[in-house]
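Each chain, letter by letter, is given below.
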Amino acid sequence: KNFAFSSGLTAMERKLAEYKCNTNEAIQLKLVRFPEDLEDDNTTFNPEYSHQVFGDDEVAFGYKGLKILLYYIAGNLSTFFRIEYTSKVNEKFDCVEADDVESKIREIIPPGFCTNTDDFVSLLEKEVNFKPFGMLLHTYSIHNEEAGEDITYQIYKADMTCPGFREYHERLQTFLMWFIETASFIDVDDERWNYFLVFEKYNKDGATLFATVGYMTVYNYYVYPDKTRPRVSQMLILPPFQGEGHGAQLLETVHRYYMSSPTVLDITAEDPSENYVKLRDFVLVKLCQDLLCFSPVKLMQGFSQEMVTEAQQKLKINKQHTRRVYEILRLRATNMGDAEQSRSYRLDVKRRLIGPYKKKQRELAKMRRCLRPEEMTNQLNQIDLNLQREQLEDSFQQLVSDYRRVLERLAQA
């Protein structure tokens with residue numbers, strides 16, 4: 001009897017399992033320029049994350065063939081939202097209820113979206129009136145292989161006083177949920193926020209239109225007595241535009257914007273991702289490489305206060321980032337095939353890397369003096385040292401390969 005019951009249960013479980021959908025696959029995003037984009041699968045992209053909306057499993061229960069359509073008009077990001085599925089669990093399944101997918105999405109997208117495509121397409125016709133917000137800071141172009149031509153992009157600085165920007169920003173920030181692992185929405189009523197936006201110029205029926213490419217938010221912290229320290233909070237280049245160099249253009253433009261301000265001390269970032277650090281390395285090295293304090297002769301003499309001062313005063317770069325720039329530029333100036341030069345470089349970098357280890361070592365030694373006899377402490381320190389050497393060597397090798405990538409990118413820039 002028990003056996004029959006348990007196999008019945010698994011059949012039920014199997015049946016229910018068919019009604020689970022991965023929300024990263026179910027959510028279909030589009031940035032729409034032309035009506036035909038709606039039918040074109042090539043314009044669709046999916047989230048990298050949906051755990052903030054659908055829980056750690058990133059699963060929606062209760063539907064087969066679930067599609068969560070979230071389409072945005074490329075410029076002003078007017079939104080179309082609809083849910084489709086082939087079937088949905090019903091009461092026949094005894095006490096099993098489908099997840100309320102719609103209200104979960106409604107929590108993060110602002111009201112006023114379209115639910116049918118006709119309304120959406122008629123909004124698309126008005127898109128020709130959309131213009132970027134704020135003040136133009138920088139224009140650049142990138143050659144597009146597919147189109148066989150140069151495409152022009154522009155970076156603007158906006159704030160909440162720009163008409164329509166508040167509503168636009170509400171639509172724009174919904175993308176954070178899908179592409180930044182620990183995203184949160186910001187308090188837009190705090191006037192210390194700055195917004196930097198990237199747009200692509202494109203043509204449609206002889207008119208010039210603008211499409212949203214990405215953006216960055218920066219918070220201006222007050223530093224006593226009369227300075228500010230801008231801190232990069234969020235940065236997102238939308239997936240259709242990733243890998244084209246927009247992140248570097250945006251970060252460099254933002255740096256240049258703050259560099260021109262006498263009240264800015266230096267620029268930092270809040271909890272930067274690995275990708276952001278790589279991007280920042282590239283941008284800062286590019287900015288610093290022509291400073292006199294980073295000449296090959298000076299690099300070979302080691303990290304100096306002069307580098308810290310010059311990078312901060314001229315480029316608003318803080319000490320910690322200046323140190324990384326120094327290590328990258330010194331690697332470029334070092335002949336790693338030369339035993340003496342490479343040994344000197346390795347020691348220089350490892351001396352910085354070992355700082356935190358040494359601190360930890362001192363703390364451990366203190367603890368052990370209280371806990372264990374002397375001879376035991378020495379043995380443990382020995383084990384620690386060997387482990388520490390391995391870890392140090394690994395960290396060093398990892399850094400050098402990251403640094404080489406930055407230098408390769410610089411050589412192509």
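Computed from a prediction, not measured in an experiment: that's the story for all the values here.

### Looking at a positive patch on the surface
A surface patch of positive charge is lined by Arg351, Lys358, Arg362, Lys366 and Arg369. Within the secondary structure, Arg362 sits in helix α13 (residues 339-371).

### A closer look at the pattern of salt bridges
One pass over the structure, following the stated rule, counts 19 salt bridges. A salt bridge links Arg106 to Glu102; its shortest N-O distance comes to 3.0 Å. Here Glu102 and Arg106 lie together in helix α4 (residues 101-106), a separation of 4 residues that amounts to about one turn. You can call Arg106 partly exposed: its relative accessible area is 44%.

### Comments concerning the UniProt feature "domain: Histone acetyltransferase type B catalytic subunit C-terminal" (unreviewed entry) in the protein chain
Mapped onto the present numbering, the UniProt feature "domain: Histone acetyltransferase type B catalytic subunit C-terminal" (unreviewed entry) falls on residues 280-331. When the span residues 280-331 is considered, its composition is 73% helix and 0% strand, and the gap between its end C-alpha atoms is 17 Å.

### Looking at the sheet that holds strand β2 (residues 27-32)
Sheets are built from strands paired through backbone hydrogen bonds, the pairs being either parallel or antiparallel. Taken in spatial order, the 4 strands make up an open sheet running β3-β2-β6-β7, and their pairing is mixed. For this open sheet the edge positions go to β3 (44-45) and β7 (79-84), each flanked by a neighbour on one side alone. Here β2 runs beside strand β6 (residues 67-73); their pairing, made up of 6 bridges, is parallel. Each residue of the ladder has a partner; that of Leu31, found in β6, is Tyr72. Against the sheet, helix α5 (residues 117-125) makes contact with β2, β6 and β7, and its axis sits at roughly 20° relative to β6, the strand it touches most.

### Some words on the sheet that holds strand β9 (residues 135-144)
Across the sheet, 6 strands lie side by side as β9-β10-β11-β12-β13-β14; this open sheet has mixed pairing. Edge positions in the open sheet fall to β9 and β14 (268-269), since each of these has one partner strand only. Of the pairings in the sheet, the one linking strand β12 (residues 207-223) to strand β13 (residues 227-237) comprises 10 bridges and is antiparallel in character. Among the inter-strand pairings, Tyr221 is bridged to a residue of β13, identified as Arg229.

### A look at helix α8 (residues 246-259)
Between its first and last C-alpha, α8 extends 20 Å over 14 residues, near the 20 Å set by a 1.5 Å rise per residue. Counting buried positions along α8 gives 11 out of 14 residues, so the element sits mostly inside the fold. For α8, the complete set of buried residues consists of His246, Gly247, Ala248, Leu250, Leu251, Glu252, Thr253, Val254, His255, Tyr258 and Met259.

### Structural notes on the packing of aromatic side chains
Taken as a whole and judged by the stated rule, the model has 24 aromatic pairs. Note on Phe34 and Tyr202: the rings are 6.2 Å apart at their centroids and 75° apart in plane angle, and the pair reads as edge-to-face. One end of the pair, Phe34, is in the loop between β2 and β3; the other, Tyr202, is in strand β11 (residues 193-204), with 168 residues separating them in the sequence. Classification of Phe34 as partly exposed rests on a relative accessible area of 28%. Joined through ring pairs, the aromatic side chains of Phe130, Phe133, Tyr156, Phe165, Tyr168, Tyr195 and Phe199 make up one cluster.

### With respect to the environment of Gln412
Summarising the element assignment, Gln412 is placed in helix α14 (residues 374-412). Considering only alpha carbons, one finds Gln412 and Tyr357, 55 residues apart in sequence, at a separation of 36 Å.

### As for the nonpolar core
Residues Phe175, Trp178 and Phe294 are the most contacted members of the largest nonpolar core, which totals 109 residues. With 9 residues, the next largest nonpolar core counts Val32, Tyr71, Ile73 and Leu124 among its residues.

### Thoughts on the domain arrangement of the protein chain
Taken as a whole, the protein chain is organised into domain 1 (11-127), domain 2 (131-271) and domain 3 (295-372 + 382-412). The C-alpha-based centres of domain 1 and domain 2 are spaced at 27 Å. With 28 residues of domain 1 in contact, the opposing surface of domain 2 contributes 26 residues. When domain 1 packs against domain 2, close to 2,400 Å² is buried across both sides, 65% of that on carbon and sulfur atoms. The tally of links between domain 1 and domain 2 comes to 1 salt bridge.

Calculation notes
- Residues numbered from 1 in each chain as written.
- Predicted model: local features only at pLDDT ≥ 70, side-chain atom pairs only at ≥ 80, totals over all residues.
- Heavy atoms only, no water.
- Patch = residues over 30% accessible without salt bridge, like charges linked within 9 Å, V, L, I, M, F, W, Y side chains within 5 Å.
- Areas by Shrake-Rupley, 256 points an atom, 1.4 Å probe, with all protein chains shown as cover.
- Salt bridge = Lys/Arg side-chain N within 4 Å of Asp/Glu carboxyl O.
- Lys, Arg positive; Asp, Glu negative; His and termini not counted.
- Charge placed at Lys NZ, Arg CZ, Asp CG, Glu CD.
- Helix = DSSP H or I, 4+ residues; strand = E, 2+ residues; numbered from the N terminus.
- Buried < 20%, exposed > 50% of the residue type's maximum accessible area, 1.4 Å probe, protein only.
- UniProt positions renumbered as here; feature names shortened; annotations may be inferred.
- Pairing = 2+ DSSP bridges.
- Contact = heavy atoms within 4.5 Å.
- Axes fitted to C-alpha atoms, helices over the stretch in contact; angles between N-to-C directions.
- Expected span 1.5 Å × (residues − 1).
- Phe/Tyr/Trp six-rings, centres within 6.5 Å; stacked < 30°, edge-to-face > 60°.
- Core = buried A, V, L, I, M, F, W, Y, C linked by side-chain atoms within 4.5 Å.
- Domains from an automatic or database assignment.
- Buried area = accessible area lost by both parts, 1.4 Å probe.

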